[in-house]
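# Structure assessment
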Amino acid sequence: MRRRFGGALPASLSPLLGREALVAVVRALLEDEGVRLLTLTGPGGTGKTRLALAAAAELERADCFPDGVVFVALSPLADPAHVLPAVAAALDLRDMGELPPATVLAAGLGERRLLLVLDNFEHLATAGPAVAALLAACPGVAALVTSRSRLRVGGERALPVPPLELPRPGDPPAAVAASAAVRLLLARARAADPAFALGESETATAGEICRRLDGLPLAIELAAAGLTLLSPAELLARLERRLPLLARADADAPARQRTMREAIAWSHDLLAPGEQVLFRRLAAFAGGFTLEAAEAVAGEAGGDALEGLGALVDQSLVGRQADAGGEPRYAMLETVHEFALEMLEASGEAEDAGRRHAAFFLAVAERLAPAHVGPHPVAWLDRLAADHDNLRAAFELLCRAGAAEACLRLAAACGWYWFRRGHIGEGRARLGRALALAGPEPTAAKGRALRWAAELALWGDDLPAAAALGREGLAVWDAVGDPRGRVLALHVLALVEQHHGRWDEAAALFGEELAYWRELGETGAVGVVLMFLGMVAYGQGDPARARALVDEAVALFRAAGDRTWLAAMDAYLGLFAAAEGRLPEAAGCYRACLPGFAAAGDASFIYTPLPGLAALAVEVGLPEAAARLLGATDAQLQRTGAGLPPFRRPAYERAEAGARAALGEAGFAAAHAAGRGLGPEDWLAEADRIVAAVEAAAQPVRPPGTGAQAGLTAREVEVLRLLAAGHSNQDIADALFLSVGTVKVHITHVLAKLGVKSRSAATDYAHRHGLT
């Protein structure tokens, strides 16, 4: 699957100007000269990131890297050991498990041909050899690095990124206006005020402003914000006065770096006192933040946060973005963030801002944490995902401070998010750390943390740990005396028994849980337990009861309009149908659950229908599709740190054996590797082909005159009749209870078998042969 890097930068970044020649050089080095490791060097603010992205876009458009371009932002990292895990996360290989990151990456990348853009490497220099070793292990991978200094490893090619082209003193106005630096200054000023224009004398002043700023793009952008308040002459005068005052004391610092620092400091000094407090306290955030978060961390001393953020955006000190839910989010450029952090530490407010930050995100996580099993709004998960880095930062601060109870509370509140969004390994590590800090006394926070530690261990296929943690959690809740907590602990222990195949024990535990949720009227939780009881009945050899229980759960979830759990129901119904030999029904159920999981952003359940589809693909002579789906399954398990549940393993094993026998080891390995790079849209396409093939194989032999003369199956004749009647693909899908994708596959087969190229020609055939 090709991965795009667009949108990786704050929205406030301006277009690339004056870098066309450098883009061409970067492209030539990586394409024509075959450089595997190219480092764009230079001080902060020279536009290295924008240059890297522009060059990467050119390379992608030229298809120089068929497997795409992956952007990896390294600025949030503090430890060089986290570089390879960050690369793995960008590749959706989120969970390292017990294997070294280098091993996981080498296996995941294999023979893929892609470009890694590693942004802001300078503070992680000791990770350079690890990157070089990764490239040596993966011959199709190249890296484009941005850093203030070279990595100094073998095979590296460094390309210094100079400042923007500057006008020379005495140049005519036209030449000044045509220089890259002045063009950038004008572009940023006009972004704030579309009516902004320069007179002839002001053009010369603009050239001098850019020279004072040494042509550094970031410094120019920050200074340009002042042109909405000051004339070019006034702006130049302020820069002239401030330069000596804001120069760095370390004389060995590059002049351009000192100039950028001056521009940031000058922009900061234009803020009102309350805005300055807000600015420096925003440095407590890791990644973006919302207005609500800014208000909480800044406190009353930060003044009106909304007004203050407007001022910071206007001064290009903060960029405004919009998250997936449409709520405005804000972020600082990294260089600006570093400056703000220095100001925060110098102010003596860092400890207080950190406490406020941790308290806010603890409150957010606990507010969104579910109080029971079952459906919960996807928007809650999206909110936690947007603040993933902030949650990490809050957890680290609480742990360093030894705040054991708060660590337990935050880890427990994040447990469901870590599970649903595929961070099982990270969740287990953080829950383990929080539990290690906790004392022996039983508390509700400890009970909740133990519940999630047990559940993540279960889905990570560590059943002994899940059982031990579940029993410990049950003992805590018995001591605390909380019946809800006790039932949630029983839920995990029931899952452990189910995974072991101890069906009677699982049934008893789920039965006790079901009675509790029914008494409370928690229909969502009732639906989930009914689903698991259906699986237990299936394991006990009672398919009729299994289907009845799942049908009851379906009715509850359908009434609630919850797509995620309805998708889970389809996955179970597919399993039951396949076991009973109803293969078309099984294929349809497996295919139907994929969109629901995808719509919820689910990472821990979405792979569940793939082994079943793979087994069906082998049955109908599609071994390559089977191998690809198995590759996709393995990749998803590796990304999330999950394990394959026992009741999904038989289908996986049948599919693997059949595909290997049909394709041979080399053919299977190639298809499996290709499948590892597929994503949900590709899985849907594979599912549509398999559904159509399974339906075709299940059709009875038909007498002449029903389409048999063209080799049409009974299902294809049904599709043709509806098509000839003028129905759309959606209409046909609704009439035949198929997906639109499956209808498209059937229509493609019909046109091919009839030897026609259009729907109208197929309609003519249907009329001539009495099929309408």
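Quick caveat: nothing in here was measured; it's all calculated off a predicted structure.

## Notes on the overall build of the protein chain
A tally of helices and strands in the protein chain yields 36 helices and 8 strands. Rg of the C-alpha trace for the protein chain: 30 Å, near the compact-globule value of 28 Å for 772 residues, within the 12% margin. Residues classed as buried in the protein chain amount to 54% of the 772 residues present. Sequence-distant contacts, at least 24 apart, represent 71% of the contacts inside the protein chain between residues at least 6 apart. Of the roughly 30,500 Å² of accessible surface on the protein chain, a fraction of 54% belongs to carbon and sulfur atoms. Distance between charge centres in the protein chain, computed from 75 positive and 91 negative side chains, equals 3 Å.

## Quick notes on the sheet that holds strand β4 (residues 141–147)
The parallel open sheet is built from 5 strands, whose spatial order is β2-β3-β4-β1-β5. In this open sheet, the two edge strands, each paired with only one partner strand, are β2 (69–73) and β5 (156–160). Between one strand axis and the next, the sheet turns by 20 degrees as a mean value, whatever way the strands run. One ladder, built from 5 bridges, connects β2 with strand β3 (residues 114–119); its direction is parallel. Bridging across to β3, V72 finds its partner in L118. Running at roughly 135 degrees to β2, helix α3 (residues 83–90) makes contact with β2 and β3 of the sheet.

## A few points about the confidence of the model for the protein chain
In this model, the protein chain carries a mean pLDDT of 85, and residues with pLDDT of at least 70 account for 91%. Every residue in residues 1–15 scores below 50 in pLDDT, and together they form 50 contacts with partners more than four places removed in sequence or on other chains. Within the model, the stretch residues 241–258 combines pLDDT values under 50 with 24 contacts to residues more than four positions away or in other chains.

## A closer look at the packing of helix α33 (residues 714–724) against helix α36 (residues 759–768)
Taken N-terminus to C-terminus, the directions of α33 and α36 make an angle of 105 degrees; their axes are 9 Å apart at the nearest point. Taken together, the axes of α33 and α36 lie roughly perpendicular to each other. Contacts between α33 and α36 involve L720, L723 and A724 on the former and, on the latter, R759, A762, T763, Y765, A766 and H767. Residue composition of the contact of α33 with α36, grouped by class: 6 nonpolar, 2 polar and 1 charged.

## A closer look at the side chain of T146
Here T146 is to be found in strand β4. Judged by relative accessible area, T146 falls into the buried class, the value being 1%. A distance of 2.6 Å separates polar atoms of two side chains, one belonging to T146 and the other to D119.

## Topic: the packing of aromatic side chains
Per the stated rule, a full pass over the model turns up 17 aromatic pairs. Taken together, a centroid distance of 6.1 Å and an interplanar angle of 25 degrees make the contact between F289 and Y330 stacked. Of this pair, F289 sits in strand β6 (residues 289–290) while Y330 sits in strand β8 (residues 328–331); the two residues are 41 residues apart in sequence, bridging distant segments of the chain. As far as burial versus exposure is concerned, F289 and Y330 are alike and both buried. Each member of the aromatic cluster is reached from another via a ring pair, and the members are F419, W459, F557, W565, F597 and F605.

## Focus: the pattern of salt bridges
Within this structure, the stated rule accounts for 43 salt bridges. A salt bridge links D688 to R591; the nearest nitrogen and oxygen atoms lie 2.9 Å apart. Here R591 lies in helix α28 (residues 583–599) and D688 lies in helix α32 (residues 680–698), a separation of 97 residues in the sequence. Each member of the pair, D688 as well as R591, is classed as buried. Measuring nitrogen to oxygen at the nearest pair gives 2.4 Å for the salt bridge that ties E686 to R628. With E686 in helix α32 and R628 in helix α30 (residues 623–640), this pair connects stretches of sequence that are 58 residues apart. Judged by relative accessible area, which is 4%, E686 ranks as buried. Each of D389, R392, E396, E426, R430 and R433 takes part in a single network of salt bridges with overlapping partners.

## Considering unusual backbone geometry
The phi torsion at N120 lies on the positive side, around 65 degrees, for a residue other than glycine. Within the secondary structure layout, N120 lies in the loop between β3 and α5 (128–137). Even without being a glycine, R152 presents a positive backbone phi close to 60 degrees. Looking at where R152 falls in the secondary structure, it is placed in the loop between β4 and β5.

Conventions and cut-offs
For every chain, the first residue of the written sequence is number 1, and numbering continues from 1 along that sequence. Only residues with pLDDT of 70 or above have their local features reported here, since the model is predicted, and side-chain atom pairs are shown and tallied only from 80 upward, although totals for entire chains, interfaces and linings are computed over all residues. As a convention, hydrogens and water are excluded, and side-chain values are obtained from all of the structure's heavy atoms. Put simply, DSSP marks the helices as runs of H or I at least four residues long and the strands as runs of E at least two long, and each gets a number from the N terminus on. The atom set for the radius of gyration is the C-alpha atoms, and the globule formula is 2.2 Å times the number of residues raised to the power 0.38. The buried label applies to any residue whose accessible area, calculated with a 1.4 Å probe on protein chains only, is under 20% of its type's maximum; exposed applies above 50%, and partly exposed to all values in between. Contacts are assigned to residue pairs with any non-hydrogen atoms lying within 4.5 Å of each other. Computed by Shrake-Rupley with a 1.4 Å probe, the accessible areas treat only the displayed protein chains as cover when residues are assessed. Neither His nor the chain ends is counted toward charge; the positive residues are Lys and Arg and the negative residues Asp and Glu. Charge positions are represented by NZ for Lys, CZ for Arg, CG for Asp and CD for Glu. Between any two strands, at least two bridges found by DSSP are needed for them to pair. The axes are straight lines fitted to the C-alpha atoms, using for helices just the contacting stretch, and the angles between their N-to-C directions are given from 0 to 180°. What pLDDT reports is the predictor's confidence in each residue, on a scale of 0 through 100. These descriptions rest on fixed angle ranges, namely under 35 degrees for roughly parallel, over 145 for roughly antiparallel, 65 to 115 for roughly perpendicular, and the rest for oblique. Gly is put with the polar residues, along with every residue not named as nonpolar or charged; the nonpolar set is Ala, Val, Leu, Ile, Met, Phe, Trp, Tyr, Cys and Pro, and the charged set is Asp, Glu, Lys and Arg. Polar contacts, as used here, are pairs of N or O atoms within 3.5 Å; protein pairs need one atom able to donate a hydrogen and one able to accept it. Residues neighboring in sequence count only if both atoms are side-chain atoms. Any pair of Phe, Tyr and Trp rings, taking the six-membered ring for Trp, is counted once the centres come within 6.5 Å. Such a pair is stacked with planes under 30 degrees apart, edge-to-face with planes over 60 apart, and tilted for the rest. Put simply, a salt bridge is a Lys or Arg side-chain nitrogen that is within 4 Å of an Asp or Glu carboxyl oxygen.

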